[in-house]
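What follows is each chain in one-letter form.
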Amino acid sequence: MDLCDINVLRALLGRHGFRFSKSMGQNFLIDANVPRAIAEACGADENTGVLEIGPGVGCLTQELCARAGRVVSVELDRALVPVLNETMAPFENFKLISGDIMKTDIDALVDAEIAPLRPIVCANLPYNITSPVLTALVKSRRFSSITVLVQREVALRIAARAGTADYGAFSLLMQYYTDPQIVFDVPRDVFLPAPKVDSAVVHCICRKDPPVDVDEQHFFRTVRGGFALRRKTLANSLMNEFGSAFSKDELAAVISACGFDANIRGERLTISDYAALSNMLREREK
Ligand code: SAH
């Protein structure tokens, strides 16, 4: 069944009395080339176990099942369960979990459903939970890669380099845990219903070891501090997070000890700059 054929899709959804839900971020792909290209980009093979989030009617799921050892899909909308039971019936390596990914114990799911296969994530993510889902997925450290279709603006933020407008705390989080690459753009008109913005596929290769030597919690606290006041200097911005332990002059001294310009802004600092800053702050806090 070509689930991306608009007539097939409309008939299927009509037969099941399905109504689109905006709050569940439902935008289904209607160009078969896109799920095929996403499944290709995630690098699934028979040794891979895929976690998919939000299978919808299963257009990407089918492409994944054709490549991977096993596919486990978590779908929030109960109305899609009978639809998926129909569309995914031919695939023995598929398992549907009816539930909310935000309330799912990812560690337990990987242990129970995916291991010993190589766990990866591949999904057309519901746009309203993109950042919290990606945060939970990278922090779990259970996946070798995460390939997701997201709003283009989010893809740009994930892959952004220091000093660019898209660069922020979320870029540093994703780049600390993964090496992200934007693979291709996806225009809005290949979705039903069409969203207001374009999308892009980002392939994040999860790092085995962190790229910098830091105290993780303190590092992310420093990043948070560095971006707290985007328009202000780093010293001013850091006061938000470290104002109780340091005076502004002390923070300025830390910044210059790291070799940064006195008026530098947080958005200029690379991941290794933030690591150096965090380590220096920690040392002087003692
Ligand atoms: N993969 C399909 C559908 C993408 S739309 C396609 O590409 O066509 C996003 C899907 O995520 C919808 O099926 C929606 O019901 C589901 N979803 C939304 N929030 C969810 C959550 N918290 N947990 C799991 N699935 C969710």
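Going by the structure above, here's the rest.
Just so you know, these numbers come straight off a predicted model, no measurement behind them.

**Describing the nonpolar core**
Among the nonpolar cores identified, the biggest contains 60 residues, and Leu137, Ile146, Phe219 and Leu277 are the most heavily contacted of them. Contacts of Leu277, omitting those with residues within four sequence positions, involve Thr222, Leu234, Leu238, Val254, Ile255, Cys258, Phe260 and Leu269. Core analysis: the second largest hydrophobic core is formed by 34 residues, Leu3, Ala68, Met88 and Phe94 among them.

**Some details on the site of the ligand**
In the vicinity of the ligand lie 22 residues, with Leu29, Gly54, Glu75, Asp100 and Asn124 positioned nearest. Note that an oxygen atom of the ligand is positioned 3.3 Å from one of the backbone N or O atoms of Gly56. In the model, a nitrogen atom of the ligand is placed 3.2 Å from a nitrogen or oxygen of the Leu76 main chain. Burial of the ligand by the protein chains amounts to 98% of its free accessible area of 580 Å². With respect to the detected pockets, the ligand is housed in the largest pocket. Class assignment for the residues of the shell around the ligand results in 11 nonpolar, 7 polar and 4 charged.

**Comments concerning the packing of aromatic side chains**
Throughout the structure, instances matching the rule amount to 10 aromatic pairs. Arranged with centres 5.4 Å apart and planes meeting at 80°, the rings of Phe18 and Phe20 form a pair that is edge-to-face. For Phe18, a relative accessible area of 6% translates into the label buried. Ring plane angle 55° and centroid distance 5.0 Å describe the contact between Phe20 and Phe28, whose orientation is recorded as tilted.

**As for the sheet that holds strand S6 (residues 145-151)**
Read from one edge of the open sheet, 7 strands run S4-S3-S2-S5-S6-S9-S7, paired in mixed fashion. Single-partner strands in this sheet number two, and they are strand S4 (94-98) and strand S7 (178-186). Averaged over all neighbouring strand pairs, the angle between strand axes comes to 20°, with direction disregarded. With 5 bridges connecting them, strand S5 (residues 118-124) and S6 associate as parallel partners. Residue pairing for S6: Ile120 is matched across the bridge by Ser145. Across the sheet, helix H5 (residues 106-114) is in contact with strand S2 (48-53), strand S3 (70-75), S4 and S5; its angle to S3 comes to roughly 140°. With respect to the sheet, helix H6 (residues 130-140) is in contact with S2, S5, S6 and S7, its orientation differing from that of S6 by roughly 175°.

**Let's talk about the pairing of strand S9 (residues 199-206)**
Across the 8 residues of S9, 7 count as buried, placing the element largely inside the fold. For S6 and S9, the ladder comprises 7 bridges, and the chain directions are antiparallel. Its bridge partner lying in S9, Val148 is registered against Val202. Here S7 pairs with S9 via 8 bridges, running antiparallel. Across the sheet, residue Thr178 finds its bridge partner in S9, namely Cys206.

Conventions adopted
- Residues numbered from 1 in each chain as written.
- Predicted model: local features only at pLDDT ≥ 70, side-chain atom pairs only at ≥ 80, totals over all residues.
- Heavy atoms only, no water.
- Core = buried A, V, L, I, M, F, W, Y, C linked by side-chain atoms within 4.5 Å.
- Buried < 20%, exposed > 50% of the residue type's maximum accessible area, 1.4 Å probe, protein only.
- Contact = heavy atoms within 4.5 Å.
- Near = heavy atom within 4 Å.
- Polar contact = N/O pair within 3.5 Å; in protein donor to acceptor, adjacent residues only side chain to side chain.
- Areas by Shrake-Rupley, 256 points an atom, 1.4 Å probe, with all protein chains shown as cover.
- 1 Å grid on protein atoms, 1.4 Å probe; cavity = no way out; pocket = protein on both sides within 12 Å on 5 of 7 lines; lining within 4 Å.
- Sits in = over half its atoms within 2 Å of the grid points.
- Nonpolar A, V, L, I, M, F, W, Y, C, P; charged D, E, K, R; others polar.
- Phe/Tyr/Trp six-rings, centres within 6.5 Å; stacked < 30°, edge-to-face > 60°.
- Pairing = 2+ DSSP bridges.
- Helix = DSSP H or I, 4+ residues; strand = E, 2+ residues; numbered from the N terminus.
- Axes fitted to C-alpha atoms, helices over the stretch in contact; angles between N-to-C directions.

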